[in-house]
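An overview of the molecular structure
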Amino acid sequence: MSTYLDYNASAPIDLRVLNYMIDVYKNSIGNADSRTHNFGEKARSVVETARNQVATLLGVMPDEIFFTSGATESNNIAIRGLEDYANSTGKKHIITTAIEHKSILETVKYLSGKGFDVEFVKLGINGRVNSEEILNRVREDTLLVSVMHVNNETGIIQPVKEIGDSLEQKGILFHLDATQSCGKLVEELREIKYNMLSFSAHKLMGPQGVGVLVLRKKRYKLPPVKNIIYGGQQEHGIRPGTIPVALVAGCGLACEIANNEYKDNFKKASEIKKAVIQELDASGLEYSINGDPEFCVNTTINVSLKGISSEALMISTKQFCGVSNGSACTSKSYSPSYVLVAMGIDKNIIESSLRISWGAGTKKEEAIEGIKQLLSVAKQISS
Ligand code: PMP
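Read on for an overview of the structure.

**Description of the overall build of the protein chain**
Scanning the protein chain from N- to C-terminus turns up 13 helices and 12 strands. Against the compact-globule benchmark of 21 Å for 383 residues, the protein chain has a radius of gyration of 21 Å, which places it among compact chains. In the protein chain, which comprises 383 residues, the share counted as buried stands at 54%. Within the protein chain, counting contacts between residues at least 6 apart in sequence, those at least 24 apart form 73% of the total. As displayed, the protein chain has an accessible area near 16900 Å², and 52% of this comes from carbon and sulfur atoms.

**Digging into the pattern of salt bridges**
Enumeration according to the criterion identifies 22 salt bridges in this entry. Across the pair Arg44 and Asp33 runs a salt bridge whose closest N-O atoms are separated by 3.0 Å. Residue Arg44 is located in helix 2 (residues 38-58), and its partner Asp33 is located in the loop between helix 1 (15-27) and helix 2; the two are separated by 11 residues in the primary sequence. Asp165 serves as the salt-bridge partner of Lys193, at 3.4 Å between the closest nitrogen and oxygen. Note that Lys193 is positioned in the loop between helix 8 (186-191) and strand 7 (196-200) and Asp165 in helix 7 (residues 160-170), a separation of 28 residues in sequence. For Asp165, a relative accessible area of 26% translates into the label partly exposed. Linked through salt bridges whose partners overlap, the residues forming this network are Asp33, Arg44, Glu48, Arg51 and Glu235.

**Side note on the site of the ligand**
The immediate surroundings of the ligand are formed by 14 residues, with Thr72, Asp177, Ser200, His202 and Lys203 found nearest. Note that a nitrogen atom of the ligand is positioned 2.7 Å from one of the side-chain N or O atoms of Asp177. In the model, a nitrogen atom of the ligand is placed 2.8 Å from a nitrogen or oxygen of the Lys203 side chain. For the ligand, the accessible surface in isolation is 400 Å², of which the surrounding protein chains cover 87%. Among the elements that line the shell around the ligand, the one with the most residues is helix 3 (residues 71-80), at 3 residues. Partitioning the shell around the ligand into residue classes produces 2 nonpolar, 10 polar and 2 charged.

**Examining the packing of helix 1 against helix 9 (residues 245-283)**
Following both chains from N to C, one finds helix 1 and helix 9 inclined at 150°, their axes separated by 9 Å at the closest point. On the basis of their axis angle, the class for helix 1 and helix 9 is roughly antiparallel. Note that helix 1 runs across helix 9; the crossing there is right-handed. Where helix 1 approaches helix 9, its residues Arg16, Val17, Tyr20, Met21, Val24 and Tyr25 are matched on the opposing element by Val245, Ala246, Leu247, Ala249, Gly250, Leu253, Ala254, Ile257 and Glu261. Taken together, the residues that form the contact of helix 1 with helix 9 break down as 12 nonpolar, 1 polar and 2 charged.

**Side note on the pairing of strand 5 (residues 142-148)**
Counted residue by residue, strand 5 has 7 buried out of 7 residues, so it is predominantly covered. Across 3 bridges, strand 3 (residues 93-97) lies against strand 5 in parallel orientation. Counted as the bridge partner of Ile95 is Val145 from strand 5. Two strands pair when backbone bridges link them, and strand 5 and strand 6 (residues 173-177) are joined in this way by 5 bridges, in the parallel orientation. Each bridged residue has a counterpart across the sheet, and for Met148 the counterpart in strand 6 is Asp177.

**Here we look at the nonpolar core**
Core analysis: the largest hydrophobic core is formed by 64 residues, its most contacted members being Leu58, Phe67, Phe174 and Phe199. No other element matches the 12 residues that helix 9 contributes to this core. Here this core spans two domains, and each of domain 1 (3-11 + 262-382) and domain 2 (15-256) adds at least three residues to it. Ala269, Ile272, Leu280 and Ile301 belong to the second-largest nonpolar core, a separate cluster that totals 23 residues.

What counts and how
Residues numbered from 1 in each chain as written. Predicted model: local features only at pLDDT ≥ 70, side-chain atom pairs only at ≥ 80, totals over all residues. Heavy atoms only, no water. Helix = DSSP H or I, 4+ residues; strand = E, 2+ residues; numbered from the N terminus. Rg over C-alpha atoms; globule rule 2.2 N^0.38 Å. Buried < 20%, exposed > 50% of the residue type's maximum accessible area, 1.4 Å probe, protein only. Contact = heavy atoms within 4.5 Å. Areas by Shrake-Rupley, 256 points an atom, 1.4 Å probe, with all protein chains shown as cover. Salt bridge = Lys/Arg side-chain N within 4 Å of Asp/Glu carboxyl O. Near = heavy atom within 4 Å. Polar contact = N/O pair within 3.5 Å; in protein donor to acceptor, adjacent residues only side chain to side chain. Nonpolar A, V, L, I, M, F, W, Y, C, P; charged D, E, K, R; others polar. Axes fitted to C-alpha atoms, helices over the stretch in contact; angles between N-to-C directions. Parallel < 35°, antiparallel > 145°, perpendicular 65-115°, else oblique. Left-handed = near helix turned anticlockwise from the far one by under 90°. Pairing = 2+ DSSP bridges. Core = buried A, V, L, I, M, F, W, Y, C linked by side-chain atoms within 4.5 Å. Domains from an automatic or database assignment.

Here it is, written out as structure tokens:
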């Protein structure tokens, strides 16, 4: 049996979520925006229950929750949706970091081709951006700062609390990509001041294909984002298109489960991390951890096994466990991880780096077994 240890790419669906979705598919048919029959009303009530579940997890109001197809779309709306506002105010300066997900990097690149001034803040070997580096760049014409909460490749938590506090005082829009932290760093997220937040349900054991954009109201007003695709008035026009009721229901329940269980999940994840490090120590292999472990989530380890190509290792251990050496969105290309490159990590270390990630559905014994086998193959390759 092969152990799945690539939760940062996608977590398996919680069976409670799947069963609820099947029930919704069977019994809550119709379009949530149909007003002329009970079927529509029932679908609407499922959607609003989900909106409440998401809002409760995040500690925001339900009317600040907008369902999308996933974090990629939420990130696109949060950034590209500001284009008209930027053009009308002349605020066209965007600050982000070199380690954001491609859905941020490619979107700001698109805007820089349209005359926006985009700055990518670099970071150090610890994998953390320096909040001062961001805040010192804020100008009169700064439109937006976009920073992720937790990096998907290294698991490093970014100093978004400080950034959010300071930007709120300065009145600058702050977008937080919380795709890897939502449902995990629950209390931390509630403390962060942001105007917009994105996540995908599948990273917290919900279904793939649905996500959320949170738009925080200020004095009853939403941030000045507009829809980027055209259609009906669903989700108040921010995200036109028929609401996928069962997907949204699954997203809501995944959030409710995370809200109820995150403390237990946290303890379990910490135990798994401890066990993974014990196995690494016991293996006798020379290894280094990428990013400062002090700031790393307990569901991820990005580790370099000295002298062992991660590509070779992953191919030879496919039957034992599923790990990765970077984000799934870029894993088809064999170019080195841009996140590790941005951290200034040596090319040889990058070539031997593995991302191992787990979550609420991982059994500790299975994780240990998978890691043991992976390390045993690594030893064979290195000898
Ligand atoms: N942001 C981050 C930090 C991510 O890890 C991911 C998924 N790897 C995304 C955005 C995009 O999520 P999705 O592919 O579900 O749209």
